[in-house]
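Reading the structure
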Amino acid sequence: MSDTILSIERLSHWFGSNRVLFNINLEIRRGQIVALVGPSGCGKSTLLRAIVGTHLPRQGRTTIRDNGHARPVEAPGRDRGIVYQRYSLFPHLTAQENVAYGLMVDQTTIPRRLFRRRAWKALRKDHMRRAADMLERMRLGAALKKYPPELSGGMCQRVAIAQALIMNPSVLLLDEPFGALDEATREELQRILLTLYAENMAARERGDAPPHTVMIVTHEINEAIFVSDRVIGLSQYWNWREVGESSHPGATIVYDKPAPVFAPDDERDFLSFRDQKNEILHAVFDPDYCQSYNDYIALAGRAAGKEN
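Below: a short report on this structure. Keep in mind that what you see is a predicted model, and the values were worked out from it rather than measured.

1. A look at the overall build of the protein chain
- The secondary structure content of the protein chain amounts to nine helices and 12 strands.
- Against the 2.2 N^0.38 benchmark of 19 Å for 308 residues, the protein chain shows a C-alpha radius of gyration of 20 Å, consistent with a compact globule.
- Structurally, the protein chain occupies a C-alpha span of about 65 × 45 × 40 Å along its principal axes.
- A burial count over the protein chain gives 49% of its 308 residues as buried.

Pasting the structure below:
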């Protein structure tokens, strides 16, 4: 597909005799917000690290396609931003300085900052302005000058998301970003993702490319359906014997379907997507349901044909 921004082909990974992922094939289109769900230990974070480039797969490849170029993922790069459950902010920098830090590292060097001070001062002013604008979008305009120890966990996580977004990554990866937060704070951050999707829709209406492509790993199915427009299920519960393996080769994708789209101020009516939640629970999380791999591939192929 011409608007595919992330492509994963025949990706498999293992650690010694521990087979983790098997034959992952996935295409993510520009502007999608994709939720990845699956049982504990199925390799969700391993797949995310393969996309980030910190843990390259034993087999297969991942490709970023953006700005007219296709780049194989061989190491971490600024075209992929990532936010973890445990945010990592510099405690001695303000929220605004934390968000501006990546721009400083990307666009300057220590010698340039030391010996071209006038140019650095002007650039620093621009970085701080952009950081302030990004924090305003994260609803943190009143916290620009506060330090991480002065912020709540939810506020720090919003700073971490702003840190990633300001670098304008081709794909933003979120690894269980809301898992350690209370329910009210979690909902607030979920609506931040819905705001990003609304910005994508507004860009499309203007005829522009949608600016945000997101993959979020979550263990909470209600959250996956609420924040995304597509849910992917990764599971170790599938009929691996039919592919000729002598032992379990690892988890693979067993579910891939659209999710309903919500606006940032829509009610979280979990009953409205109860049927899809039950479908995901059955197909992805039920160890007694071993879906045929070939049947899933055929269904996925037909779905891709309809999208094209």
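2. Section: the packing of aromatic side chains
- Applying the stated criterion to the full structure yields five aromatic pairs.
- Centroid distance F22 to W238: 5.5 Å. Interplanar angle 20 degrees. Geometry classified as stacked. Here F22 is found in strand β2 (residues 18–29), whereas its partner W238 is found in strand β10 (residues 238–239), with 216 residues between them in sequence. In terms of burial, F22 and W238 fall into one category: buried.
- An aromatic cluster of at least three residues, connected via ring pairs, comprises F226, F262, F270 and F273.
- Just above the ring of W14 sits the side chain of R19; from NZ or CZ to the centre is 5.0 Å.

3. Brief notes about the layout of surface pockets
- Size it by volume and the second largest pocket reaches roughly 650 Å³.
- Along its surface, the second largest pocket is lined by 24 residues, and G81, I82, Q163, A164 and M167 are the ones closest to its centre.
- Where the lining of the second largest pocket is concerned, the elements lending two or more residues are β6 (80–84), α2 (95–107) and α5 (153–165).
- Residue contributions to the lining of the second largest pocket peak at six residues, all from α2.
- Per-class residue counts for the lining of the second largest pocket are 14 nonpolar, six polar and four charged.

4. Observations regarding the pairing of strand β7 (residues 171–175)
- Among the five residues in β7, five count as buried, and that is most of the element.
- Burial along β7 is two-sided: V171, L173 and D175 facing one way and L172 and L174 facing the other are all buried.
- Sheet analysis places β6 next to β7, joined by five bridges and oriented parallel. Of the residues in β7, the one forming a bridge with I82 is L173.

5. Quick word on empty space enclosed by the protein
- Inspection of every chain in the model, using the stated rule, returns one cavity of 30 Å³ or more.
- Empty space within the largest cavity amounts to approximately 30 Å³.
- Lining the largest cavity are I33, L194, Y197, F226, V227, S228, D229, V261 and F262.
- For the lining of the largest cavity, the secondary-structure elements that each account for two or more residues are α6 (183–206) and α7 (221–227).

6. A short note on the pattern of salt bridges
- For the coordinates displayed, the defined rule picks out 18 salt bridges.
- As a salt-bridge pair, D66 and R30 come within 2.7 Å of each other at their nearest N and O atoms. On the criterion of sequence distance, the pair formed by D66 in strand β4 (residues 59–66) and R30 in the loop between β2 and β3 (33–37) is long-range, its members being 36 residues apart.
- Of the charged contacts in the structure, one is a salt bridge between R137 and E199, with a shortest N-O distance of 2.7 Å. Of the two residues, R137 is situated in helix α4 (residues 117–137) and E199 in helix α6; the sequence distance between them amounts to 62 residues.
- Here the salt bridges share partners, and the residues they tie into one network are D126, R129, R130 and D133.

7. Here's the deal with α2
- For α2, the principal kink sits at Y101 and spans about 30 degrees.
- The inward-facing, buried residues of α2 contact α3 (110–115), α4 and α5.

8. Section: a nonpolar patch on the surface
- A surface patch of nonpolar side chains, about 250 Å² in accessible area, is lined by F90, Y101 and V105.
- Mapped onto the elements of the fold, Y101 is located in helix α2.
- When its relative accessible area of 33% is taken as the criterion, Y101 is described as partly exposed.

Thresholds, definitions, all that
Residues numbered from 1 in each chain as written. Predicted model: local features only at pLDDT ≥ 70, side-chain atom pairs only at ≥ 80, totals over all residues. Heavy atoms only, no water. Helix = DSSP H or I, 4+ residues; strand = E, 2+ residues; numbered from the N terminus. Rg over C-alpha atoms; globule rule 2.2 N^0.38 Å. Buried < 20%, exposed > 50% of the residue type's maximum accessible area, 1.4 Å probe, protein only. Phe/Tyr/Trp six-rings, centres within 6.5 Å; stacked < 30°, edge-to-face > 60°. Lys NZ or Arg CZ within 6 Å of the ring centre and 35° of its normal. 1 Å grid on protein atoms, 1.4 Å probe; cavity = no way out; pocket = protein on both sides within 12 Å on 5 of 7 lines; lining within 4 Å. Points joined across faces, edges and corners; volume = space filled by probe spheres on them. Nonpolar A, V, L, I, M, F, W, Y, C, P; charged D, E, K, R; others polar. Pairing = 2+ DSSP bridges. Salt bridge = Lys/Arg side-chain N within 4 Å of Asp/Glu carboxyl O. Bend = angle between axes of the 7 residues up to and from the residue. Contact = heavy atoms within 4.5 Å. Patch = residues over 30% accessible without salt bridge, like charges linked within 9 Å, V, L, I, M, F, W, Y side chains within 5 Å. Areas by Shrake-Rupley, 256 points an atom, 1.4 Å probe, with all protein chains shown as cover.

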